[in-house]
Every structure is written in structure tokens, then in C-alpha cells.
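# Structure at a glance
Each chain, written out:
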Protein chains: 2
Amino acid sequence: MLLPGERIDQLFADDIQIIQSKEVFSFSIDAVLLANFPSFPKNGKIVDLCAGNGAVGLFASRKTKAQIIQIELQHRLADMGKRSIQLNQLAEQMTMFELGLKNATSVVKPDSVDLVLCNPPYFKELPTSQKNPNPHLAIARHEIHTTLTEVIDVSAKLLKTTGRLAMVHRPDRFLDILHAMESANIAPKRVRFVYPKVGKEANTLLIEGIKQGKKDGFRVLPPLFTYDEQNNYLPEMKAMLYGD
Amino acid sequence: MLLPGERIDQLFADDIQIIQSKEVFSFSIDAVLLANFPSFPKNGKIVDLCAGNGAVGLFASRKTKAQIIQIELQHRLADMGKRSIQLNQLAEQMTMFELGLKNATSVVKPDSVDLVLCNPPYFKELPTSQKNPNPHLAIARHEIHTTLTEVIDVSAKLLKTTGRLAMVHRPDRFLDILHAMESANIAPKRVRFVYPKVGKEANTLLIEGIKQGKKDGFRVLPPLFTYDEQNNYLPEMKAMLYGD
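So, here is what we can say about the structure in this document. (Residues numbered from 1 in each chain as written. Chains lettered and ligands numbered in written order. Predicted model: local features only at pLDDT ≥ 70, side-chain atom pairs only at ≥ 80, totals over all residues. Heavy atoms only, no water.)

## Focus on a nonpolar patch on the surface
A cluster of nonpolar side chains, contributed by Met-1, Leu-2 and Ile-8 of chain A, occupies part of the molecular surface with about 270 Å² of accessible area. Looking at where Met-1 of chain A falls in the secondary structure, it is placed in the segment before strand E1 (6-11). (Patch = residues over 30% accessible without salt bridge, like charges linked within 9 Å, V, L, I, M, F, W, Y side chains within 5 Å. Areas by Shrake-Rupley, 256 points an atom, 1.4 Å probe, with all protein chains shown as cover. Salt bridge = Lys/Arg side-chain N within 4 Å of Asp/Glu carboxyl O. Helix = DSSP H or I, 4+ residues; strand = E, 2+ residues; numbered from the N terminus.)

Right under this line is the structure:
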């Protein structure tokens, strides 16, 4: 079941096993944050875009009975994700498609999705960008094969009216995210900033928007801190990783 | 020096005395937050828009040698502000003008200001708005005589290139603020969210933008908490009010 260099990691909080590989892709804490952010529909349809090795959708499976469709461009990552679905016996609830975002509507009906989850590449692709020489990691981190605008436009196409997009990203792209959401007629509704420690600037944000939602009522949720002064996970973070 | 109903309050942290009146206007904690937010120019020119009884500019006088020009529409408030300037012997540094925002350029040269401070009315003026029956308070709190867009457009006119606008407002107007800043060619650069307590949503935001600034590099500063679990001010807040 495992290819060379792969290992099985466990997210204890959700009792999920994940196939990953240092050389190709490992999920980050951001995947855990995203899977704990939205209020999940009980049933219906969830799409996990830029799914990587499938971590976000796998964690989400513990929080909902909705069908979870995962879309990932990279063969090696999508393949790990498919095997993790089997490993966790989730084949009835989850499907991984190896597919570029442009072709998402070939497997998901437009205007049909209740919730899109997305942990996209964070970094703009600029001539000056320092990229990881490992192409798997470079593609996952940099906007090489997709952009923030495309991710949000595709989400808007897939979502039903009042369906929600939940995304994890970096604060320095916050204004870009707002612009792209508004252009796609997704109303930004809630943001939660994640600060590494008390007294530090935010390094991560979680944002939720509603397709064709009202433009008022924007809320800034309680802050989340990752570490205490001794670099130990704080209780909320610990609960997401190891359970209560 | 005092009219009926007026009293002199003191901000101990800055050793400033302020004439105010329950019936007309008293400064709020938001004025203190705003006066402690920007990095002040050492010299040059600062404008305090929607100055009320002058609290923000009076606190700011302790942090800079810049000239401080205050603009307030309401006669009773501007009059209290003028007397507070005298009371604190700040007439060489500060001037209060009783003036609507539309006429700000009649007393301040366009493209000449280093820093605009503004604690504007927070609430949209809607047919359904519940307003304070006291007109002084209603005008200070609701967008009756000015709007967010006008405040930001006037700021843009007054500021020199790379001059900064620092504003205090409510998180539910955050998207409106960003739109208005961008329309006025003020690049939002830094935001700080103020949360009443740990675990609560933000109820206040401080935002700084730069006229004709670059559009990248947006930062979310460390969060500020107002109260501890026993409703006592936390140290940072206490220092702003009572000094270190």
C-alpha cells in the first residue's frame, strides 16, 4: 500500500490515518485549522479543492455525513489521497479526482455544492519568487498551476446559492482574497486570525464567504493562538490535534 | 471656563485635561486607542477629523511636536475642544476649527498633511436606524452629516503622498472601510483588532493606510484585549489610560 518514502501519519483528534511523504507532500497545521473552521452541513455535498494528499477532506469526514469530493492536480498527491480514503474505509463517503481546477465542473455539477474547503497555494508566482526545487512542493505552495482568483471563481461556480467557501490563507493576501470573493459574488462573512503567540502578528487567517450572501454583517471571530511562551500548543490547538 | 453640565476629566496616562459633558459628548475608550495606534511624525502636520471635543488630538499632542489641526462640525463640541486647548496650554501646537468636512480644504492645504486621525460616526444612517434622541450624540454616532466615504475622501485630499490615515471603527464596517480607502487611493497597510476579552469577537478595529502606497504587505498586528475575566483592564489598556 505504501510507495518508497511514504509513511502513515495519524491525526489523533479525528482518528484519521494519512499517507504522506516528506519528499512529496505532508499536511500542515493549516489543514487541521481549516477542517475545524466551518460549521459543516449534516448532509449534502462538500468539495475539497487543492486537496493535496487529502488531509482536509479526510478530517472533514469525521464532522459530517455529506459526500466529500476532492480535487487535486498532482498525480502523486491524488494517488496518496485515494489510498488514504481506502485505508480509512471512507470510499462510500469520499472520492478523490486527479484533475485541474479548470475541469472541476466535469465531475461536480455547477451550483450544487454546500461547502467548498480550500487550502490553496499561498505564494504569488513572480519572476523573483524563491521556489522549492522539489516540483511537488513548489506546485503546492506557489501559484504555478492556479491562482487565488481561479480558486475562488471555481468555488463560486460549484457552490449553490448561500453555499459557503471556507479557506485558509496568509494575512498578507487578505485584501486579494476579499477582492476575488467580491468579484465572484461571494460575500465575505467571517474571518478568524491565527496568531503564533500572544503579542505576535497574525500568520494565518481562516475566512468564510457565502455565495450571493448579503454584504453586511462581517464578523471578526475570537483570535486563535497556536503556542504558549514555552512553544507548547495552547489548549484549543491541542484539542484539534490530539482531541479533548 | 465651564458651561452648565460640563466637567473636567483627566486622562492620567497623557496628563491631559478634557472638558466634556454627559449631555453633549464625552470621549470614549476608542479615542484613547486611536491616539495610541499610529507611529507619529516628529514634526509636520496632523489633522484630527470628526474631532468631537478634541480628545484624540489632545492625547496626540503628547506624542509629537507636529502641528495638530482639529475639525469638528458641531458648535458645542468644537467650543469645548477650544477651551480644552487653552486649559492644557496647547494653543501654540493645536487649533480647533468649527467646520464641516466638505470645507476642510479651506483651512488645510491639500496634499500637505503627514497624518490624519479620525474617530468617525460608526453607524450607517438608515430609515430604520435607532438614533439617540439627543442630537449631539446622534450626530457623533450616526452618519447624519458625513459618511465613511466622505471622511476617507477628505483624508485623501488632505494627505501628502505617503501620508497616513489612522482610523478607529467597528469590524462590521471593515469591508466598507477597505473599499472606501481603495477608491481614494489609500492603500490599507496595517490593521489591529481589539477584542473585549479572550474568546470574544472583535468589537473595534484600528486601521492605517498610506496615500498612494503599494498594495502589498498588508499586516494584521497582535490582538489587543480590553478586559480580563474579572472585567479589569488588561495591562496594555491600563497603560494607555493610567500610564505605565
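After that view, the rundown keeps rolling.
## A word on the relation of the copies chain B and chain A
Between chain B and chain A, the superposition needs a rotation of 180° and an axial shift of 0.0 Å, giving an RMSD of 0.0 Å. In symmetry terms, the pair is related by a two-fold rotation axis. Relative to the rotation axis, the C-alpha of Pro-223 of chain B is the closest in chain B, positioned 3.8 Å from it. Comparing interface residues between copies, 100% of those in chain B also sit at the interface in chain A, which points to an isologous, same-surface contact. (Least-squares fit on C-alpha atoms with pLDDT ≥ 70 in both. Contact = heavy atoms within 4.5 Å.)

## Examining the packing of helix H5 (residues 148-158) of chain B against helix H6 (residues 174-183) of chain B
Residue and element names in this part refer to chain B. Relative to each other, H5 and H6 sit at 35°, their axes nearing to 9 Å. Note on packing geometry: the crossing formed by H5 with H6 is right-handed. Across the interface between the two elements, Leu-148, Thr-149 and Ile-152 from H5 touch Asp-176, Ile-177, Ala-180 and Met-181 from H6. Its residues assigned to classes, the contact of H5 with H6 comprises five nonpolar, one polar and one charged. (Axes fitted to C-alpha atoms, helices over the stretch in contact; angles between N-to-C directions. Left-handed = near helix turned anticlockwise from the far one by under 90°. Nonpolar A, V, L, I, M, F, W, Y, C, P; charged D, E, K, R; others polar.)

## Concerning the interface of chain B and chain A
It is common to report an interface's size as the accessible area lost on association of the parts. Contacts between the two partners involve 21 residues from chain B, matched on the other side by 21 residues from chain A. Here chain B and chain A share an interface that buries about 2000 Å² over both sides, 64% of which is from carbon and sulfur atoms. A per-residue breakdown of the area chain B buries against chain A is headed by Leu-175, Glu-201 and Val-220 of chain B, which together make up 29% of the total. At the surface where chain B touches chain A, the tally comes to two salt bridges. A salt bridge links Glu-201 of chain B to Arg-219 of chain A; the nearest nitrogen and oxygen atoms lie 2.4 Å apart. Across the chain B-chain A interface, the total number found is seven residue pairs in polar contact (both at pLDDT 80 or more). Of all the secondary structure elements, the ones that give two or more residues to the side of chain B that touches chain A are H6, strand E8 (186-195) and strand E10 (219-220) of chain B. Looking at the side of chain B that touches chain A, the element that brings in the most residues is H6 of chain B, giving five residues. The residue makeup of the side of chain B that touches chain A, split by class, is 14 nonpolar, two polar and five charged. (Buried area = accessible area lost by both parts, 1.4 Å probe. Polar contact = N/O pair within 3.5 Å; in protein donor to acceptor, adjacent residues only side chain to side chain.)

## Digging into the environment of Asp-111 of chain A
Residue and element names in this part refer to chain A. Mapping Asp-111 onto the fold places it in the loop between strand E5 (94-98) and strand E6 (113-118). For Asp-111 and Leu-159, which are 48 residues apart along the polypeptide, the C-alpha to C-alpha distance reads 4.7 Å. Among residues more than four places away in sequence, those in contact with Asp-111 are Lys-157, Leu-158, Leu-159, Lys-160 and Lys-211.

## Considerations on empty space enclosed by the protein
One pass over the structure, following the stated rule, counts one cavity of 30 Å³ or more. Each pocket or cavity is described by its volume, and for the largest cavity that value is around 40 Å³. Taken together, Leu-175, Leu-178, His-179 and Glu-182 of chain A together with Leu-175, Leu-178, His-179 and Glu-182 of chain B make up the full set of residues lining the largest cavity. At the level of secondary structure, the elements contributing two or more residues to the lining of the largest cavity comprise helix H6 (174-183) of chain A together with H6 of chain B. Residues that form the lining of the largest cavity fall into these classes: four nonpolar, two polar and two charged. (1 Å grid on protein atoms, 1.4 Å probe; cavity = no way out; pocket = protein on both sides within 12 Å on 5 of 7 lines; lining within 4 Å. Points joined across faces, edges and corners; volume = space filled by probe spheres on them.)

## What to know about the environment of Asp-48 of chain B
Residues and elements named next belong to chain B. If you trace the backbone, Asp-48 turns up in strand E3 (residues 45-49). Relative accessible area serves as the criterion here: at 1%, Asp-48 is assigned to the buried category. In sequence terms Asp-48 and Leu-126 are 78 residues apart; their C-alpha atoms lie 26 Å from each other. Apart from the residues within four sequence positions on either side, Asp-48 is in contact with Gly-54, Val-56, Gly-57, Ile-69, Gln-70, Ile-71 and Leu-117. Here Gln-70 takes part through its side chain, which lies 2.9 Å from a polar atom of the side chain of Asp-48. (Buried < 20%, exposed > 50% of the residue type's maximum accessible area, 1.4 Å probe, protein only.)

## Quick notes on unusual backbone geometry
Residue Asn-185 of chain A is not a glycine yet carries a positive backbone phi of 60°. Relative to the helices and strands, Asn-185 of chain A resides in the loop between H6 and strand E8 (186-195). When its relative accessible area of 35% is taken as the criterion, Asn-185 of chain A is described as partly exposed. Phi at Gln-89 of chain B takes a positive value of approximately 55°, unusual for a residue other than glycine. Following the sequence through the fold, Gln-89 of chain B ends up in the loop between helix H3 (75-87) and strand E5 (94-98). Relative accessible area serves as the criterion here: at 73%, Gln-89 of chain B is assigned to the exposed category.

## Concerning the packing of aromatic side chains
Each aromatic ring pair is summarised here by two numbers: the centre-to-centre distance and the angle between the ring planes. Evaluated as defined, the whole model comprises 15 aromatic pairs over all chains. Ring centres of Phe-174 of chain A and Phe-193 of chain A lie 5.6 Å apart, and the angle between their planes is 85°; this geometry places the pair in the edge-to-face category. Placement of Phe-174 of chain A in helix H6 and of Phe-193 of chain A in strand E8 is noted, with a sequence separation of 19 residues between them. The same class applies to Phe-174 of chain A as to Phe-193 of chain A, namely buried. Here the aromatic rings of Phe-27 of chain B and Phe-59 of chain B are separated by 5.2 Å at their centres, their planes lie at 80°, and the arrangement is edge-to-face. Linking Phe-27 of chain B in the loop between strand E2 (16-21) and helix H1 (29-35) with Phe-59 of chain B in helix H2 (residues 55-60), this pair joins segments that are 32 residues apart in sequence. The burial state of Phe-27 of chain B is the same as that of Phe-59 of chain B; both residues are buried. Taking NZ or CZ as reference, Arg-190 of chain A lies 4.8 Å from the ring centre of Phe-37 of chain A, over its face. (Phe/Tyr/Trp six-rings, centres within 6.5 Å; stacked < 30°, edge-to-face > 60°. Lys NZ or Arg CZ within 6 Å of the ring centre and 35° of its normal.)

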